[in-house]
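Residues per chain, in single letters:
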Amino acid sequence: MNLSEHYNQLYKTSSEAISAGKYAIDSELKNESDSRFGITLLIRPSDEVKANMQLFLNELKAIEPKQYYYPDSDIHITVMSIISCSEEFQLTQISPNDYIQLICKSMVDADKIKIHFKGVTASPSALMIQGFPTDQTLDNLRNKLRENFKNSELQQTIDSRYTISTAHSTVMRFQEPLQNPKKLIEITDKFRDFDFGEFDVKNLELVYNDWYQRKSTTRVLGNFGLR
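Residues numbered from 1 in each chain as written. Predicted model: local features only at pLDDT ≥ 70, side-chain atom pairs only at ≥ 80, totals over all residues. Heavy atoms only, no water.

K.L.:
Hey, could you run me through the overall build of the protein chain in this one?
P.N.:
When helices and strands are counted, the protein chain shows 5 helices and 9 strands. Going residue by residue from the N terminus, the α and β elements of the protein chain occur as α-β-α-β-β-α-β-β-α-β-α-β-β-β. For the protein chain, whose C-alpha radius of gyration is 18 Å, the value lies close to the compact-globule estimate of 17 Å for 227 residues. Burial statistics for the protein chain: of 227 residues in total, 50% are counted as buried. For the protein chain, the share of sequence-separated contacts (at least 6 apart) that also reach a separation of at least 24 residues comes to 81%. Only carbon and sulfur atoms are counted for the fraction: they give 46% of the accessible area of the protein chain, which is about 11,100 Å². (Helix = DSSP H or I, 4+ residues; strand = E, 2+ residues; numbered from the N terminus. Rg over C-alpha atoms; globule rule 2.2 N^0.38 Å. Buried < 20%, exposed > 50% of the residue type's maximum accessible area, 1.4 Å probe, protein only. Contact = heavy atoms within 4.5 Å. Areas by Shrake-Rupley, 256 points an atom, 1.4 Å probe, with all protein chains shown as cover.)

Shown next as structure tokens:
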């Protein structure tokens, strides 16, 4: 996949829909009884990169204060959704150590991962910072994880919703009707090619998480350092 083309097409389609008022509100964001949980392997961006992301979010908050903004603690890149969030899944159904061992096995030959965040894109219900791996290391790790989980008997739903191939971070979701959709798109256009920075991934986290990766409900199951 050409990531630039993918992000560009996503932005073109979604920004036109948002401008026309044809966006989607996530009604589950305010549902306090939302019990969708899963298991995710993820990357946390560096503090410097997250500080740059807040420059974008602060401008959005000034015109759309009622939307849902990810705090620094929740911003992430999904490496692999191992068990997709659902109401049916509970942590007691699995042995986390089995997953930790399989991930360790998958990372034996993993090289350093570097991610460059540049520009923003959108979906009909959210805004994302565009992430670009600087080489094939992340793809290689994902393929190794797919192969090893497929050949195991561990519970997993890898690629069941879609085959993950991007490295974006979702930073804002629509939870209320937009006050000024056109102004929102003006700001996203302004940051369309903004350089949020590059960072070396120091470690990966295996977490038990809710749909929105809220820190308050997330439980870290494993931490994996990269060479």
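This is not the end of the story, as more comes after the structure.
K.L.:
Would you mind going over the pattern of salt bridges with me for this structure?
P.N.:
If the charged atoms of two oppositely charged side chains come close together, the side chains can form a pair. Inspection of the entire model under this criterion finds 9 salt bridges. Its salt-bridge partner being Lys-190, residue Glu-59 comes within 2.7 Å of it at the nearest N-O pair. Here Lys-190 lies in helix α5 (residues 181–190) and Glu-59 lies in helix α2 (residues 47–63), a separation of 131 residues in the sequence. We classify Lys-190 as exposed; its relative accessible area is 54%. Via salt bridges that share partners, Lys-114, Glu-198 and Asp-200 belong to a single interconnected network. (Salt bridge = Lys/Arg side-chain N within 4 Å of Asp/Glu carboxyl O.)

K.L.:
How should the pairing of strand β3 (residues 77–86) be read in this particular structure?
P.N.:
Side-chain positions along a regular strand alternate between the two faces of the sheet. With 7 of 10 residues buried, β3 lies mostly within the body of the structure. Of the pairings in the sheet, the one linking strand β1 (residues 37–43) to β3 comprises 6 bridges and is antiparallel in character. Across the sheet, Phe-37 pairs through a bridge with Ser-86, a residue of β3. (Pairing = 2+ DSSP bridges.)

K.L.:
Is there a simple way to explain the sheet that holds β3 in this structure?
P.N.:
Either a parallel or an antiparallel arrangement is found when strands of a sheet pair, and the pairing is made through backbone hydrogen bonds. Read across the sheet, 4 strands follow the order β3-β1-β8-β9 without closing on themselves; strand pairing throughout is antiparallel. Edge positions in the sheet fall to β3 and β9 (219–225), since each has one partner strand and no second. The mean angle between the axes of side-by-side strands here comes to 15 degrees, regardless of whether they run parallel or antiparallel. Packing of helix α3 (residues 96–106) onto the sheet brings it into contact with β1, β3, β8 (203–210) and β9, and relative to β9 it is tilted by some 20 degrees. Running over the sheet, helix α4 (residues 137–150) touches β1, β3 and β8 and is turned about 30 degrees from β3. (Axes fitted to C-alpha atoms, helices over the stretch in contact; angles between N-to-C directions.)

K.L.:
So what exactly am I meant to see when it comes to the environment of Asp-135 here?
P.N.:
The topology assignment puts Asp-135 in the loop between β5 (126–133) and α4. Counting along the chain gives 119 residues from Asp-135 to Glu-16, while the straight-line C-alpha distance between them is 31 Å.

K.L.:
Would you take a moment to explain the pairing of strand β4 (residues 114–123) for this structure?
P.N.:
Of all 10 residues in β4, 7 are buried, a share of seventy percent or more. Bridge count for β4 against β5 is 7 bridges, and the pairing is antiparallel. Residue pairing in the sheet places Ala-122 in a bridge with Leu-127 of β5. The loop that links β4 with its antiparallel partner β5 comprises 2 residues.

Remember that the coordinates give geometry; whether it matters functionally is a separate question.
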